[in-house]
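# A closer look at the structure
So you can see what is in the structure, the chains are spelled out below.
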Amino acid sequence: MVKTKRLTLTAMLAGIAAAVFAVESQIPPIVPVPGVKLGLANAVTLFAMAVLSRREAFLTLAVRIILSCVFSGGMSMFVYSVSGGVLSFAVMCAALKRLGCDKIWAVSVFGAAAHNVGQLAAACAVTGNAAVMYYLPVLLISGIITGLFTGMCTYYILKNKYVKKICAALAEDR
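Being a predicted model, the structure only gives us computed values, none of them experimental.

### Let's talk about the overall build of the chain
Helices and strands together make up the secondary structure of the chain, namely seven helices and zero strands. What you see in the chain, going N to C, is helices and strands ordered as α-α-α-α-α-α-α. A globule of 174 residues ought to have a C-alpha radius of gyration of about 16 Å, and the chain, at 16 Å, matches this closely. Considering only C-alpha atoms, the chain reaches an extent of 50 × 30 × 30 Å along its principal axes. The buried share of the chain, taken over its 174 residues, is 38%. Contacts in the chain between residues at least 24 apart in sequence constitute 71% of all its contacts with a sequence separation of at least 6. Side chains of the chain give 15 positive and 5 negative charges; the mean places of these two sets differ by 3 Å.

### Comments concerning the side chain of Asn42
Structurally, Asn42 can be placed in helix α2 (residues 41-51). Residues in contact with Asn42, not counting those within four places in the same chain, are Met92, Ser108 and Thr150.

### Details of the side chain of Thr45
In this structure, Thr45 sits in helix α2. Those residues in contact with Thr45, other than ones at most four positions away along the chain, are Ala57, Leu61, Arg64, Phe89 and Met92.

### What about the packing of aromatic side chains?
Summed over all chains, the structure comprises two aromatic pairs. Centroid distance Phe58 to Phe89: 5.2 Å. Interplanar angle 70°. Geometry classified as edge-to-face. Linking Phe58 in helix α3 (residues 54-73) with Phe89 in helix α4 (residues 75-99), this pair joins segments that are 31 residues apart in sequence. When the ring of Tyr155 is compared with that of Tyr156, the centres are 5.1 Å apart and the planes differ by 85°; the resulting orientation is edge-to-face. Look at Tyr155 and you get partly exposed, because its relative accessible area is 22%. Since its relative accessible area comes to 54%, Tyr156 is described here as exposed.

### Here we look at the nonpolar core
In terms of nonpolar packing, the biggest core is built from 27 residues, with Leu13, Phe47, Met49, Val51, Leu52, Phe89 and Val107 touching the most fellow members. At the level of secondary structure, the elements contributing two or more residues to this core comprise α1 (2-25), α2, α3, α4, α5 (104-127) and α7 (161-173). It is α2 that contributes the most residues to this core, seven residues altogether. Setting aside anything within four residues of it in sequence, one finds Val107 in contact with Leu46, Met92, Ala95, Leu96, Leu99 and Gly100.

### Thoughts on the pattern of salt bridges
Inspection of the entire model under this criterion finds two salt bridges. For the salt bridge of Glu56 with Arg6, the shortest nitrogen-to-oxygen distance reads 2.9 Å. Of this pair, Glu56 sits in helix α3 while Arg6 sits in helix α1, placing them 50 residues apart in sequence. For the pair shown, Glu56 and Arg6 are each scored as buried. Residue Asp102 is joined to Lys159 by a salt bridge in which the shortest nitrogen-to-oxygen separation is 3.3 Å. A residue pair is termed long-range when its members are at least 10 positions apart, and Asp102 in the loop between α4 and α5 and Lys159 in the loop between α6 (136-158) and α7 qualify at 57 residues. Given the relative accessible area of 36%, Lys159 is considered partly exposed.

Reading the values: the criteria
- Residues numbered from 1 in each chain as written.
- Predicted model: local features only at pLDDT ≥ 70, side-chain atom pairs only at ≥ 80, totals over all residues.
- Heavy atoms only, no water.
- Helix = DSSP H or I, 4+ residues; strand = E, 2+ residues; numbered from the N terminus.
- Rg over C-alpha atoms; globule rule 2.2 N^0.38 Å.
- Buried < 20%, exposed > 50% of the residue type's maximum accessible area, 1.4 Å probe, protein only.
- Contact = heavy atoms within 4.5 Å.
- Lys, Arg positive; Asp, Glu negative; His and termini not counted.
- Charge placed at Lys NZ, Arg CZ, Asp CG, Glu CD.
- Phe/Tyr/Trp six-rings, centres within 6.5 Å; stacked < 30°, edge-to-face > 60°.
- Core = buried A, V, L, I, M, F, W, Y, C linked by side-chain atoms within 4.5 Å.
- Salt bridge = Lys/Arg side-chain N within 4 Å of Asp/Glu carboxyl O.

Shown next as structure tokens:
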């Protein structure tokens, strides 16, 4: 029964993340800089990292990337999403281990910066041109700002009394 609860929550979070991504992709850009967006679906991944295992959080991320690419992006989006998502996930795992959930906003900032680095690395590989790395400072600044926003959203979600009850129930089932 315990595994069923965790699998159900993982699937729900993956669906929520894909839905958030789809809604966010319909919002006009906040700033006129290509590639800059809030990345609100990452809040779901951060939440999964805080309340589930790393494996379950990674499954949430992977399913979100696959669903998002199938329904809105295609293969080129898949390459960029995977490269940014996997690097971001690895960095956030390391940061979360060191900083803990109380500093999840900082974990998010590190993850956003890593996501941008991963996507630019993919762009270098796809285009064969390292000149795209000149765009890194712009993306890092935007990543810090958007990562902070996303991380603060996750922080306050985790502090919600009803969410704390869910987290406590999950902790008992481990």
